[in-house]
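Each chain is listed here by its residues.
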Amino acid sequence: MQFSDYGLTDEQKALCQSVRELCARYPDTYWMKLDEDHTYPTEFVEALTEGGYLAAMIPEQYGGMGLGVKEGSLILEEISRAGCNAAASHAQMYIMGTLLRHGSEGQKEAYLPDIASGKTRLQAFGVTEPDAGTDTTRITTRAERKGNKYIVNGRKVFISRVLHSDLMLLLVRTTPRDQCAKKTDGITTLLVDLNRAVGDGLEVTPIATMVNHQTNELVFENLEVPVENLIGEEGKGFRYILSSMNAERILVASEGVGDGRYFVEKAVDYANSRVVFDRPIGQNQGIQFPIARAYASVEAARLVRDRAAEMFDQGENPREQANMYRLLASEAPCEAATACMDTYGGYGYAKEYHIERKYRECRLLKTAPISNNLVLSFLGQQVLGLPRSF
Ligand SMILES: Cc1cc2nc3c(=O)[nH]c(=O)nc-3n(C[C@H](O)[C@H](O)[C@H](O)COP(=O)(O)OP(=O)(O)OC[C@H]3O[C@@H](n4cnc5c(N)ncnc54)[C@H](O)[C@@H]3O)c2cc1C
């Protein structure tokens, strides 16, 4: 099925085409097997790295392609649209942004070329804690400075890809919340060398989830992190995370658009070919209209993405557009997934049709990395000026 590319440049079209060709080497059956075994897509990530796609947004001086958020989001969209899973790819793209924007020149030179070449993976981001949840300022994982080291103690939950990454960007408290002038102060970002940490101060326990996401509970017990792994200034980590937020919202949501197009395409094909009561089921408006409605939602979300990404790449601050996009692009694929499941009838539940796997996967966008209620509260309070609820 041919979707409109709404004014992409020739270079962007060529980029999408090359990602599409790469993804075609990793068909649904590859992802079904990984899903069954709950394993990491090593071959796929290696192929994306070799193609330079995971380094798309790393500046050319460090070995990347030097492209913008628009191109990064097109890559993620194409991956999802092809039926592949873009989680490892989005993680690397947006976590790297904090290092790029707030790391020292020495840190960038030390890490970015190896990340660009694929020698080093930076795909783990440790924020969520069991007792803090969405209220990140309540994190209590503590890093105390002792000489030229930080000693880290605490717990994190749902931290993905820790066992498949070389580095983790970790959010810790260096000053307890009640000793800070503002609750957002006293939070610090550290880069953790996972090859050294796991088994020596960091205990990792995988969590079984409804999606294949390699997510884990982490326990830090006197983990030593060299002070040179501090990103930016101590105590300003929360601001660094916020400054990456727009890019993260746009990139992650682009998977939703890709998922949405995947479902619409599958639903249209099946609705045209499945004959019941002597006619294609797509002739029934009960089947046709939900697909058409989902198509409109997915394409509308995509148009908001283009606006948000272009503003970001022009140096503007598209916080409203990025959040609207994040919301729309998490709901639209779920709408398309439901329409697709209904179109497939019982076959939607059969694993060999691959719809149920994607259905489970796209649901995550409503919850992680940020839940939709928090996106709505941002729009309600920060954009519309409604009273704060927290
Ligand atoms: C598969 C998976 C992978 C993940 N990977 C990572 C990762 O790599 N790194 C990481 O740091 N985290 C990760 N997460 C965690 C994810 O970011 C959090 O689950 C998410 O941010 C929500 O936090 P919580 O689960 O603690 O929900 P809670 O904070 O307990 O909230 C529960 C519900 O209440 C709602 N709620 C809470 N407060 C309010 C309010 N004031 N107003 C309205 N609604 C409210 C929330 O929106 C949510 O719907 C992952 C989660 C999953 C499921």
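Residues numbered from 1 in each chain as written. Predicted model: local features only at pLDDT ≥ 70, side-chain atom pairs only at ≥ 80, totals over all residues.

When helices and strands are tallied, the protein chain shows 13 helices and ten strands. By its C-alpha atoms, the protein chain is 80 × 50 × 40 Å across when sized along the principal axes. Within the protein chain, the fraction of its 390 residues that count as buried is 47%. Partitioning the contacts of the protein chain with sequence separation of at least 6, the portion at a separation of at least 24 is 73%. (Helix = DSSP H or I, 4+ residues; strand = E, 2+ residues; numbered from the N terminus. Buried ≥ 20, exposed ≤ 12 C-beta atoms within 10 Å, placed from the backbone. Contact = placed C-beta atoms within 7 Å.)

Attention shifts here to the packing of helix α11 (residues 319-344) against helix α12 (residues 355-363). When two helices pack together, their arrangement is given by the angle between the helix axes and the distance between those axes. Axis separation between α11 and α12 bottoms out at 9 Å; the angle between their running directions is 160°. If you check the angle between α11 and α12, you find them roughly antiparallel. Where α11 crosses over α12, the two elements pack in a sense that is left-handed. Where α11 abuts α12, its residues P333, C334, A337, C340, M341 and Y344 lie against I355, K358, Y359, C362 and R363. In the contact of α11 with α12, the residues fall into nine nonpolar, no polar and two charged. (Axes fitted to C-alpha atoms, helices over the stretch in contact; angles between N-to-C directions. Parallel < 35°, antiparallel > 145°, perpendicular 65-115°, else oblique. Left-handed = near helix turned anticlockwise from the far one by under 90°. Nonpolar A, V, L, I, M, F, W, Y, C, P; charged D, E, K, R; others polar.)

This part covers the nonpolar core. Judged by nonpolar contacts, the single largest core of 113 residues is most densely connected at L190, I250 and Y325. Examining the composition of this core, we find that 13 residues originate from one element, α11, more than from any other. L190 has contacts with A143, Y150, L170, V172, V225, N229, L230 and I231, leaving out every residue within four places of it along the chain. (Core = buried A, V, L, I, M, F, W, Y, C linked by C-beta atoms within 7 Å.)

Among the seven residues that make up strand β4 (residues 167-173), seven are buried, leaving the element largely enclosed by the rest of the structure. Side-chain alternation along β4 places L167, L169, L171 and R173 on one buried face and M168, L170 and V172 on a second face that is also buried. Here seven bridges tie β4 to strand β5 (residues 187-193), and the two strands are oriented antiparallel to one another. Residue R173 lies in a different strand from β5, and its bridge partner there is I187. (Pairing = 2+ DSSP bridges.)

Turning to the pairing of strand β1 (residues 122-126), a few remarks are in order. When you tally the buried positions in β1, you get five out of five residues, the bulk of the element. In this sheet, β4 lies alongside β1 in parallel orientation, the contact comprising four bridges. Following the sheet pairing, G126 is matched in β4 by L170.

It is worth spelling out the domain arrangement of the protein chain at this point. Structurally, the protein chain comprises domain 1 (10-117), domain 2 (122-235) and domain 3 (239-383). Each of domain 1 and domain 3 was reduced to a C-alpha centroid, and the two centroids are 20 Å apart. Between domain 1 and domain 3, the contact holds 25 residues from the first and 25 residues from the second. Mapped by element, the contributors of at least two residues to the side of domain 1 that touches domain 3 are α2 (28-37), α4 (69-81) and α5 (87-102). When residues in the side of domain 1 that touches domain 3 are grouped by element, the largest group, ten residues, is from α4. Partitioning the side of domain 1 that touches domain 3 into residue classes produces eight nonpolar, ten polar and seven charged. (Domains from an automatic or database assignment.)

What follows deals with the site of the ligand. Taken together, 24 residues lie near the ligand, and V127, G133, T134, S371 and N373 sit nearest. Of all the secondary-structure elements, those providing two or more residues to the shell around the ligand are β1, β3 (149-160) and α13 (372-383). The residue makeup of the shell around the ligand, split by class, is eleven nonpolar, 13 polar and no charged. Of the residues that make up the shell around the ligand, three or more belong to each of domain 2 (122-235) and domain 3 (239-383). (Near = placed C-beta within 6 Å.)

Another aspect to go through is the environment of N85. You can see N85 is positioned in the loop between α4 and α5. When the 23 C-beta atoms within 10 Å are taken as the criterion, N85 is described as buried. Measuring from C-alpha to C-alpha, the distance between N85 and A329 comes to 16 Å, with 244 residues separating the pair along the chain. With residues up to four places along the chain from it excluded, the contact list for N85 reads W31, P41 and E361.

One can describe the packing of helix α9 (residues 245-273) onto helix α10 (residues 285-313) by two numbers: an axis separation of 9 Å at closest approach and a directional angle of 155°. It follows from the interaxial angle that α9 and α10 lie roughly antiparallel. Here α9 and α10 pass one another in a crossing that is left-handed. When the residues that make up the contact of α9 with α10 are grouped by side-chain class, the tally is 18 nonpolar, five polar and three charged.

Turning to α4, a few remarks are in order. Taking 1.5 Å per residue as the helical rise, α4 with its 13 residues ought to reach 18 Å, and the 18 Å between its terminal C-alpha atoms agrees with that figure. Most of α4 sits out of view: 13 of its 13 residues are buried. (Expected span 1.5 Å × (residues − 1).)

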